[in-house]
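Descriptive structure summary
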Amino acid sequence: MQPNFSLTPAAVKFMRRMVRFSETPAGGFRLTVTPGGCSGYSAEFSVEAAPRAGDAEQAVEGLRMFLPAESRLLLDGVTIDHVDTPLQSGFTFANTPGGACGCSSSGEGAAPPAEASVSLSSIKRM
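No experiment lies behind these values; they were computed from the predicted model shown.

Looking at the sheet that holds strand β3 (residues 40-48)
The sheet built from four strands is open, its strands ordered β3-β2-β5-β4 with mixed pairing. Across the chains shown, the open sheet's two edge strands, defined by having one partner strand only, are β3 and β4 (56-60). Adjacent strand axes in the sheet meet at a mean angle of 30 degrees, parallel and antiparallel pairs treated alike. Note that strand β2 (residues 28-36) and β3 share nine bridges and pair antiparallel. Its bridge partner lying in β3, Leu31 is registered against Phe45.

This is the structure in structure tokens:
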């Protein structure tokens with residue numbers, strides 16, 4: 001199953017930079033998404049030479065993405081953005097299932113910022 005998701009230009013730019021400056025510039029961007037918080041997702045990513053067992057490879061605007069099964073299910077219908085401001089840096093997910101709840105200050109229809117981590121070993125030393 002190929003997920004039906006979209007990437008903003010900022011998200012594609014960030015992912016391409018991560019791949020380009022990694023130890024494996026011919027590899028792909030592996031994105032693992034898990035439920036996190038009341039109405040948002042948490043994201044972990046790395047640059048990999050090839051998909052891991054169980055990953056699906058998907059090309060998005062010339063970018064190779066490796067997505068585990070759970071991530072493919074969660075990303076269906078979602079728009080992934082990357083923000084980088086003095087107050088926030090990371091992926092955001094719009095149109096995530098689940099609405100606002102008592103512990104969410106995001107409001108109806110807004111997605112909270114995602115938590116992201118990156119393995120520094122996947123970044124090329126200059």
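Here's the deal with the packing of aromatic side chains
The full count for this structure, using the stated rule, is seven aromatic pairs. Ring centres 5.2 Å apart and planes at 20 degrees place the aromatic pair Phe29 and Phe45 in the stacked group. Linking Phe29 in strand β2 with Phe45 in strand β3, this pair joins segments that are 16 residues apart in sequence. Taken as a pair, Phe29 and Phe45 share a single burial class, namely buried. When the centroid spacing of 6.2 Å and the interplanar angle of 70 degrees are considered together, the rings of Phe29 and Phe91 count as edge-to-face. Placement of Phe29 in strand β2 and of Phe91 in strand β7 (residues 89-94) is noted, with a sequence separation of 62 residues between them. The same class applies to Phe29 as to Phe91, namely buried. Taken together through their ring pairs, the aromatic side chains of Phe14, Phe29, Phe45 and Phe91 make up a single cluster.

With respect to the pairing of β4
Here β4 shows one buried face, formed by Ala56, Gln58 and Val60, and one open face, formed by Glu57 and Ala59. Where β4 and strand β5 (residues 63-67) come together, five bridges link them in antiparallel fashion. In the strand pairing of β5, Gln58 is matched with Met65. In this structure, the hairpin formed by β4 and β5 is closed by a connection of two residues, where Glu61 is found at a positive phi of approximately 50 degrees.

Re the nonpolar core
Ranked by size, the top nonpolar core spans 25 residues in total, and within it Leu31, Ile80 and Phe91 carry the most contacts. Looking at this core, the elements that each hand over two or more residues are α1 (9-20), β2, β3, β5 and β7. For this core, the leading source of residues is α1, giving six residues. Discounting chain neighbours no more than four positions away, the residues touching Leu31 are Met15, Ala43, Glu44, Phe45, Met65, Phe66, Leu67, Pro68, Ser71, Leu75, Ile80 and Phe91.

Here is what the cut-offs are and how they apply
- Residues numbered from 1 in each chain as written.
- Predicted model: local features only at pLDDT ≥ 70, side-chain atom pairs only at ≥ 80, totals over all residues.
- Heavy atoms only, no water.
- Pairing = 2+ DSSP bridges.
- Helix = DSSP H or I, 4+ residues; strand = E, 2+ residues; numbered from the N terminus.
- Axes fitted to C-alpha atoms, helices over the stretch in contact; angles between N-to-C directions.
- Phe/Tyr/Trp six-rings, centres within 6.5 Å; stacked < 30°, edge-to-face > 60°.
- Buried < 20%, exposed > 50% of the residue type's maximum accessible area, 1.4 Å probe, protein only.
- Core = buried A, V, L, I, M, F, W, Y, C linked by side-chain atoms within 4.5 Å.
- Contact = heavy atoms within 4.5 Å.

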